[in-house]
Amino acid sequence: MAGTIACLPCRQPYISMLAKLRRGKSPAANPAINLSFDGSKGSNGHPKSGATDAASQTDATRYKHGNTDLIECRTLVKEYETDAGRFLALKGVNLSVSTHEFVAVIGKSGSGKTTLINMLTGIDRPSRGEVLVGDTAVHRLSEGQMAVWRGRNMGVIFQFFQLLPTLTVIENVMLPMDFCNMYAPRERFDRGMQLLELVGIAENASKLPSQTSGGQQQRAAIARALANDPPIICADEPTGNLDSKTADSVFELFSDLVARGKTILMVTHDKDLAKRVTRAVTVADGEIVDEIRN
Amino acid sequence: MALALAKYSPLPPRWRKVIQDLWSNKTRTALVVLSIAVGIFAVGSVAGSRVILEQDLTAQYLPSNDRSAQINASNIDDDFIKSIRDMPEVADAQGRFATVFRMKIGERRTNLLLYGIPDFNDIRINSITFDSGDHEPPWRQVLLDRGSLELFGVHEGDSLSIELPDGTMRNLGIAGVVHDINAPPPNFSNFGTAFATYDTIAWLGFPKANNQFRIRVSEGLSDRQHIQDVVDKIKKRVEDSGRTFYGFGIQQSPNVHYAWDPVTAITLILTVLGAFSLFLSAFLVVNTITALMAQQLKQIGIMKAVGAKGWQIGALYMTLVFVFGLISLAVAIPLGALGAQGFAGYISGLLNFDILTKGVPTNVWLIELGVGLLIPIVAALAPVLSGLRVSVREALYSSGLGESKKQKSRPSAQPRRSLFSFVTRSISRPMLISLRNTFRKVGRLALTLGTLTLASAIFISVWTVRDSLTNTLDKSVRVWNYDISVNLEHTQQPEKAVRELLQIPGVTQAEGWITSGGRRLRDDGTESRPISILAPPGGSQLLRPQLVEGRLLLPDDVSGVVVSSDVINDEPDVRVGDQITMKFGPRRFKFEIVGIAENTLAGNVGNSRVMYMNEEGYRKVLAAGPNVSNFIVVTELHDAQSRQAVGAAIEEQFKRLQMRVDNFETISERRGQIEFQFNILVVFLLLMAALLAVVGGLGLAGTMSMNVLERTREIGVLRAVGASDGAVRGIVIVEGLLIGFISWAIGALVAIPISQTLSGAVGQAFLRGKLAYVFSTNGVFIWLAAVLIIATIASLVPALRASRLTVREVLSYE
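Since this is a predicted model, take the numbers as computed values, not measurements.

The rules behind these values
Residues numbered from 1 in each chain as written. Chains lettered and ligands numbered in written order. Predicted model: local features only at pLDDT ≥ 70, side-chain atom pairs only at ≥ 80, totals over all residues. Heavy atoms only, no water. Helix = DSSP H or I, 4+ residues; strand = E, 2+ residues; numbered from the N terminus. Buried < 20%, exposed > 50% of the residue type's maximum accessible area, 1.4 Å probe, protein only. Contact = heavy atoms within 4.5 Å. Areas by Shrake-Rupley, 256 points an atom, 1.4 Å probe, with all protein chains shown as cover. Arc of directions from axis to C-beta. Axes fitted to C-alpha atoms, helices over the stretch in contact; angles between N-to-C directions. Parallel < 35°, antiparallel > 145°, perpendicular 65-115°, else oblique. Nonpolar A, V, L, I, M, F, W, Y, C, P; charged D, E, K, R; others polar. Pairing = 2+ DSSP bridges. Salt bridge = Lys/Arg side-chain N within 4 Å of Asp/Glu carboxyl O. Buried area = accessible area lost by both parts, 1.4 Å probe. Polar contact = N/O pair within 3.5 Å; in protein donor to acceptor, adjacent residues only side chain to side chain. Left-handed = near helix turned anticlockwise from the far one by under 90°. Patch = residues over 30% accessible without salt bridge, like charges linked within 9 Å, V, L, I, M, F, W, Y side chains within 5 Å. Phe/Tyr/Trp six-rings, centres within 6.5 Å; stacked < 30°, edge-to-face > 60°. Lys NZ or Arg CZ within 6 Å of the ring centre and 35° of its normal.

A. Quick peek at the overall build of chain B. Secondary structure assignment for chain B yields 24 helices and 20 strands. The buried share of chain B, taken over its 814 residues, is 54%. Taking the contacts inside chain B whose residues are at least 6 apart along the sequence as the reference set, 82% of them involve residues at least 24 apart. As presented, chain B carries roughly 34500 Å² of accessible surface, and 59% of it is formed by carbon and sulfur atoms.

B. Expanded view of helix α3 (residues 78–85) of chain B. Residues and elements named next belong to chain B. Residues of α3 that are buried: Phe80, Ile81 and Ile84. End-on, the buried residues of α3 take up no more than an arc of 100°, which puts them together on one face. Residues of α3 that are exposed and point over 90 degrees away from its buried face: Asp78 and Asp79.

C. Structural detail: the packing of helix α4 (residues 169–179) of chain A against helix α1 (residues 13–24) of chain B. Packing of α4(A) against α1(B) brings their axes to within 8 Å, and their N-to-C directions diverge by 120°. With respect to α1(B), the axis of α4(A) lies oblique. Residues A:Glu171, A:Met174, A:Leu175, A:Asp178 and A:Phe179 of α4(A) touch α1(B), and the partners they reach there are B:Pro13, B:Arg14 and B:Arg16. Classifying every residue of the contact of α4(A) with α1(B) by side-chain character gives four nonpolar, no polar and four charged.

D. Inspection of the sheet that holds strand β4 (residues 128–133) of chain A at higher detail. Residues and elements named next belong to chain A. Spatially, four strands are ordered β2-β1-β4-β5 in an open sheet, and the strand pairing comes out antiparallel. Each edge of the open sheet carries a strand with a single partner, namely β2 (85–97) and β5 (136–137). In this structure, strand β1 (residues 71–82) lies alongside β4, joined through five bridges in antiparallel fashion. For Ile71, the partnering residue across the bridge sits in β4 and is Val133. The sheet strands contacting helix α2 (residues 113–121) are β1, β2 and β4, and the helix crosses β1 at an angle near 120°.

E. Fine view of the pattern of salt bridges. Here the structure, examined in full by the defined rule, presents 50 salt bridges over all chains. Where B:Arg660 meets B:Glu163, a salt bridge forms, and the shortest distance between an N and an O atom there is 2.4 Å. With a gap of 497 residues between them, B:Arg660 in the loop between α19 (640–656) and β20 (661–666) and B:Glu163 in strand β6 (residues 159–163) connect regions that are remote in the sequence. The exposure classification of B:Arg660 matches that of B:Glu163, with both residues buried. The network of salt bridges with common partners includes A:Glu72, A:Arg74, A:Glu130 and A:Arg140.

F. Examining the interface of chain B and chain A more closely. Counting residues at the interface gives 32 residues for chain B and 40 residues for chain A. Roughly 3300 Å² is buried in total at the junction of chain B and chain A, and carbon and sulfur atoms are behind 65% of that figure. For the interface between chain B and chain A, the tally reads three salt bridges. Taking the shortest distance from any N to any O, the salt bridge between A:Asp124 and B:Arg393 comes out at 3.0 Å. One can count six residue pairs in polar contact (both at pLDDT 80 or more) joining chain B with chain A. For the side of chain B that touches chain A, the element with the most residues is α1(B), which contributes seven residues. Tallied by class, the residues present in the side of chain B that touches chain A amount to 16 nonpolar, seven polar and nine charged.

G. Structural context of the packing of helix α6 (residues 214–225) of chain A against helix α7 (residues 244–259) of chain A. Residues and elements named next belong to chain A. Here α6 crosses α7 at 15°, and the two axes come no closer than 10 Å. Overall, the two elements α6 and α7 adopt an arrangement that is roughly parallel. Both α6 and α7 take part in a crossing whose hand is right-handed. Here Gly215, Arg219 and Ile222 of α6 lie close against α7, whose contacting residues are Thr246, Ser249, Val250, Leu253, Phe254 and Leu257.

H. Main features of a nonpolar patch on the surface. All names here are of chain B. A surface patch of nonpolar side chains, about 330 Å² in accessible area, is lined by Ile327, Val331, Leu335 and Leu338. Structurally, Val331 is set in helix α10 (residues 310–351). Judged by relative accessible area, which is 35%, Val331 ranks as partly exposed.

I. Quick look at the sheet that holds strand β10 (residues 287–293) of chain A. Residue and element names in this part refer to chain A. Across the sheet, six strands lie side by side as β6-β7-β8-β3-β9-β10; this open sheet has mixed pairing. Among the strands making up the open sheet, the edge pair consists of β6 (154–157) and β10. Recorded for the sheet is a direction-independent mean angle of 15° between the axes of neighbouring strands. Pairing of β6 with strand β7 (residues 232–236), which is carried by four bridges, proceeds in the parallel orientation. Looking across to β7, one finds that Val156 is bridged to Cys234. In the packing of helix α3 (residues 143–153) onto the sheet, the strands contacted are β6 and β7, and the crossing angle to β6 comes to about 85°. On the sheet, α7 packs against β3 (102–106), β6, β7 and β8 (263–268) and is oriented at approximately 155° with respect to β8.

J. Region of interest: the packing of aromatic side chains. Residues and elements named next belong to chain B. Following the criterion strictly, the structure yields 19 aromatic pairs over all chains and no others. Between Phe279 and Phe283, the aromatic rings sit 5.0 Å apart at their centres with planes inclined by 40°, giving tilted as the arrangement. With a gap of four residues between them, Phe279 and Phe283 both fall in helix α8 (residues 260–295), about one helical turn apart. What makes Phe283 partly exposed here is its relative accessible area of 23%. Ring centres 6.2 Å apart and planes at 45° place the aromatic pair Trp744 and Phe781 in the tilted group. With Trp744 in helix α22 (residues 725–767) and Phe781 in helix α23 (residues 777–804), this residue pair connects regions lying 37 residues apart in the sequence. Taken together, the ring pairs in this structure connect Phe584, Phe589, Phe591 and Tyr618 into an aromatic cluster. Cation over ring: Lys235 sits above Phe245, and NZ or CZ is 5.7 Å from the ring centre. Above the ring of Trp480, the side-chain terminus of Arg670 is found at 4.4 Å from the ring centroid.

Shown next, in the form of structure tokens:
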């Protein structure tokens, strides 16, 4: 079995959250609302994520592969073959991220920040080095294992939203639950609607992505990233295609998610946003050149 | 309330995606469905008609109790027939009377095969079914086979005017219509078939007696050699009883309807072409699914990114393909059934039997289901798997679907560029874009070209078969360097008859030929099938056999003979230079084979075992008298009408001279009959070729649609820099035409070996020999015109779509 990391502990049933939503309270503004609706198992009885509870594990605890932090990148090297010759996108990057951290990876275009985040999500593989997330050595997973692991443990948000154009917004949100067989079929719809309420676009649930604005699509993509209640969210320039007001509200949403116990890594080139995160890591020419803790 | 807007659906989102993918791109769905449907239709109609024809022909043939053999002898009374029936090898025997009358219908002359039947309530061998009217024809009336109604242009209640041997005319009323499944089909033979009582036969001037009897053997109904052995025993019995044995007939394939072999041959060839259609439609599926996977690459990446396993995504696309197959089946099965019924109905009409099967037999349904569901899945497997192998990063971060995966620098690229630099400088920019676009997606181009090339090759091959059949016929006709063959009822002095013939206006040359028949007596004592003897005067220029081996006859050849290839096919031990023993009745003679000639096509295609010898040689060896009954006439004009008119004049003149004409046949009639049979095959071959053309067109339409879809952004850029509607349309159409042209050029080359193989197969199936192969240049240019039209039509819709795109639309295209 591929290594897994823990899901968030169950604190409150989702029904109570729905009730609060219906009373007109903004879920983003309400710290009592929990994103984990079902403890460590899906209501269909399938395990939702790994045996190790990352949230309750202290940083001093060693994970299976010896990492003490939730995410550890060890001397990551990524080399591409191009027409122009070999290109080193990452040059031995080391990075550790603890639980509940909100880390911004900043840098100029072509600096290697997207490559770095792709290593963490398993979208790309390092040429050399290790990527350890919880108990999982991500770099060792096969494509099939990676898909299962990512679906259950990692919420991925892209700059261009990447919603399936032929599915409605709610169907896009339900898709990860469907693929990972999480929650009972009926429960998936309710949970999807809750997540859309959470990100504030429930009224667009039955629309196709092309019928919604960029900001709404990005919110839908965030809801989709939260579908399987992953403890880690990786977002690649999530506000890059949004106007400043919408970008701000998306950032607020992220902050709220961190407050609820999620660990978020966000690639951005917006230095102002970088000041509002727990930690900002600056990447240049494939290396981490600066780290600021806020 | 916002929540009320979205409704819960029990269908999981991934399956919803399958439905949306089917529905959201209707053009693509239609193209894939049509591509698969064409293949299923081809297989369904060909397999369906094959099963229906074989099933229904057998169902009607077997109850008729066809004869194992017929024996013509003298004085066949009931006691003798009973003695034959009592033989352990014989299951049944029945006597009947048979003769042929000349008939005149308007200006047309034709023949009536009249059977005298002793008891219409007890026809056990070659039984007939009664369609309408009387079950036993009254005196001076007949029951007419239904196939003859059209030939004679008559109906029940009408009468037939027949000419008796003494030249008097008699009218026979048509008392009823029957169906004789074993009667020669009027479309092919120019013979009608009728049945009368022995009283009517007597009224026509013949004795009230059998002149032949038919037998069915007790066992080995399909064993020709066994039947031959039984006939040999009967022959001995006939001769031992003091009767005269005139001859016998055994079917080429006993216990099988005479049309079985040609029907199975034609359906087999069509099955091969149907399989080609299926193969091509599988090509289209591969092409379309490859494009679909390319279009969906990003979506595959997204699905993988949100946790979809490879097999889950694979299952989605295979389900999509499965549904494509289901829709195709829904379209193709009814059309295939119609095609099968239509084809089977046409053939059965020509061969005078009924189609009893309604719809399509279950096994054909199963074949169609298998083909419709399995072929697309198998065809889609490779593109789906290759799509799934793409990593999430490649899927999500590839900049466009039109880009090539890896542009490796090729050492040859530079010289090639310089080689074409002149061309690229001298043609317009839009044309240059078309030219370059054509070669951008090499894999897709290869598949499209493969489909169209194969369609081209098959089309040209079919046309080549058609031309080769015509060439074979032409060559055959050239052997008969005359216009009319006249058979007299009684032999005449050749000099006298020729003198009379030359008196008739329009006749320029005439010869008397000996026509006879014999059998080869093999070393082991067995006899061959009948061999026709054709003996024109030595040095005659009116018969020109095409030599295969050895030499032609010299005027002074006495025992030298030339045999047709079919004799050698039957008697493979015979070589040029060998002595061959021939039996003419009870007498045996030795001849020397000096040459082998190509088969000629007789009216009855495929039966051309002929031995050519000099008239003088025949007389000398056989000590035959001078009289002959077959006269060959050359006319002044060589068109069908003139030949027919001269033939009728000969018949009239000879009637006045008391030299009754048994029948005459013009070369135009003989050619027409053979052509008619060939045309049936050619029509169906061309139908299959047209189907292949449709498949090729669909393939090209699909490719052009995909190309336009994938180049939406580029088209937007072209529009943004000022490309007019016409220029955008032109770029797409020229690309389509270019693909069509390339496929035509390659297809014409590929057609050479394919057409040789197909011609060989058709020759073997229909003529038991080779066709006079001639590569059809007409076919090549007809297909060029066709493929350019197909390419224009196939590109037109995508071109119109491209020209309608606005810059705003294309820039928002993802």
